[in-house]
Amino acid sequence: MKTISENRCFGGVQGVYSHASAACACDMTFGLFLPPQAETGKVPVLWFLAGLTCTHENAMVKAGAQAWAADHGIALVFPDTSPRGKGVADDDDFALGQGAGFYVNATEKPWAPHFRMWDYIANDLPALLFNNFALDEDAQGITGHSMGGHGALTLAMAHPGRFRSVSAFAPIANPTETDWGQVQLEAYLGPDRSTWARHDATLQMVEAGFDGPILIDQGSDDQFLNNLRPEALSQAMAARRQDGVFRMQRGYDHSYFFVSTFMPDHVAFHADALLE
């Protein structure tokens, strides 16, 4: 692991690090905020998965999460959204390739050799983090924005008992039912739709649900609403009697202005679960 930068931040440290990833077969970069409480013992962890076209840096710089995490004594992990570098496949479409890993393990060419973001988030990066930093593996929450909200929800539901809480900002909620989502899923996973289901939060809500609380915020003026299909996830949560809250925020769009506005609520929501 290589330290790229470390800066004092709200009494803690905002670091950026790189490492050789076995899952993605390339070097990966991530951000980690350690609150001041980490100087005296292990602290809970909140994962933030970013959206399309983003890197580890977008939420780290724009979401304003560090101030609230420091207040609660929670670490923040900001992974990258895809593998990168020489020899890693890419595409002119912003929704495929570098910056658009979709938190899946790709099985199709040219993506399969490196695009294994599911394993990277579920196994590779956690192993490095918990072996090198003062983090409490038994107190994890996960959140994300857009594509990252999709990843947060599907990973949380697929790993019962790992995350105490999950939230999302404007998640891609039902990609198997949109023309746009089907393009990405087929490109990475092939035409067999049975392999797509675990990467659709609405289908996973119907199938399994989440064994903890959920918070979803969605802007009513989001320019991507037709591709996100939040109503499908909301209906699935209601049908399952899922412990959760779905909030439609009037007038908000898809930007980090929206994310930063409601970030204090999300950090507090996770703190309630992580600091029991």
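Below is a summary of the structure that appears in this document. For clarity, every value in this text was computed on a predicted model and none was experimentally measured.

1. Description of the overall build of the protein
Phase 1: The secondary structure content of the protein amounts to 9 helices and 9 strands.
Phase 2: Taking the principal axes of the C-alpha coordinates as reference, the protein spans close to 50 × 45 × 35 Å.
Phase 3: For the protein, the residues scored as buried account for 59% of the 276 residues in total.
Phase 4: In the protein, the proportion of contacts linking residues at least 24 apart, taken out of those at least 6 apart, comes to 72%.
Phase 5: As displayed, the protein offers around 11200 Å² of accessible surface, 49% of which is attributable to carbon and sulfur atoms.
Phase 6: Distance between charge centres in the protein, computed from 17 positive and 32 negative side chains, equals 2 Å.

2. Quick word on the sheet that holds strand β2 (residues 12-21)
Phase 1: One open sheet holds the 9 strands; their spatial order is β1-β2-β3-β5-β4-β6-β7-β8-β9, and the pairing between them is mixed. Two strands lie at the open edges of the sheet, namely β1 (2-9) and β9 (244-249), each paired on one side alone. Averaged over all pairs of adjacent strands, the angle between their axes in this sheet comes to 20°, without regard to strand direction.
Phase 2: Bridging between strand β6 (residues 135-144) and strand β7 (residues 163-169) involves 3 bridges; their strand directions are parallel. When the sheet's bridge partners are listed, Q140 is paired in β7 with F163.
Phase 3: In the packing of helix α4 (residues 147-158) onto the sheet, contacts are made with β4 (43-49), β6, β7 and β8 (214-219), and the angle to β7 comes to roughly 155°.

3. Digging into the environment of L125
Phase 1: Its place among the elements puts L125 in helix α3 (residues 117-132).
Phase 2: Residues L125 and V77, 48 residues apart in the sequence, show an inter-C-alpha distance of 9.8 Å.
Phase 3: Sequence-distant contacts of L125, defined by excluding residues within four places in its chain, comprise H19, F30, W47, V77, P79 and Y120.

4. Points about the pattern of salt bridges
Phase 1: Enumeration over the complete set of coordinates arrives at 6 salt bridges.
Phase 2: Across the salt bridge formed by R8 and E39, the nearest N and O atoms sit 3.2 Å from each other. Linking R8 in strand β1 with E39 in the loop between β3 (26-34) and β4, this pair joins segments that are 31 residues apart in sequence.
Phase 3: Its relative accessible area of 58% is what places R8 among the exposed residues.
Phase 4: The network of salt bridges with shared partners includes D217, R247 and D265.

5. As for the packing of helix α2 (residues 65-72) against helix α9 (residues 256-274)
Phase 1: As a packed pair, α2 and α9 sit with axes 9 Å apart at the nearest point and diverge in direction by 30°. By the angle between their axes, α2 is roughly parallel relative to α9. Between α2 and α9 the crossing geometry is right-handed. Packed against α2, whose contacting residues are A65, W68, A69 and H72, the element α9 presents M263, P264, V267, A268 and A271 at the interface.

6. As for the environment of G151
Phase 1: You can see G151 is positioned in helix α4.
Phase 2: For G151, a relative accessible area of 0% puts it in the buried group.
Phase 3: For the pair formed by G151 and D272, sequence separation is 121 residues and the distance between their alpha carbons is 22 Å.
Phase 4: When sequence neighbours within four positions are dropped, the list of residues in contact with G151 reads L49 and Y103.

The rules we used
Residues numbered from 1 in each chain as written. Predicted model: local features only at pLDDT ≥ 70, side-chain atom pairs only at ≥ 80, totals over all residues. Heavy atoms only, no water. Helix = DSSP H or I, 4+ residues; strand = E, 2+ residues; numbered from the N terminus. Buried < 20%, exposed > 50% of the residue type's maximum accessible area, 1.4 Å probe, protein only. Contact = heavy atoms within 4.5 Å. Areas by Shrake-Rupley, 256 points an atom, 1.4 Å probe, with all protein chains shown as cover. Lys, Arg positive; Asp, Glu negative; His and termini not counted. Charge placed at Lys NZ, Arg CZ, Asp CG, Glu CD. Pairing = 2+ DSSP bridges. Axes fitted to C-alpha atoms, helices over the stretch in contact; angles between N-to-C directions. Salt bridge = Lys/Arg side-chain N within 4 Å of Asp/Glu carboxyl O. Parallel < 35°, antiparallel > 145°, perpendicular 65-115°, else oblique. Left-handed = near helix turned anticlockwise from the far one by under 90°.

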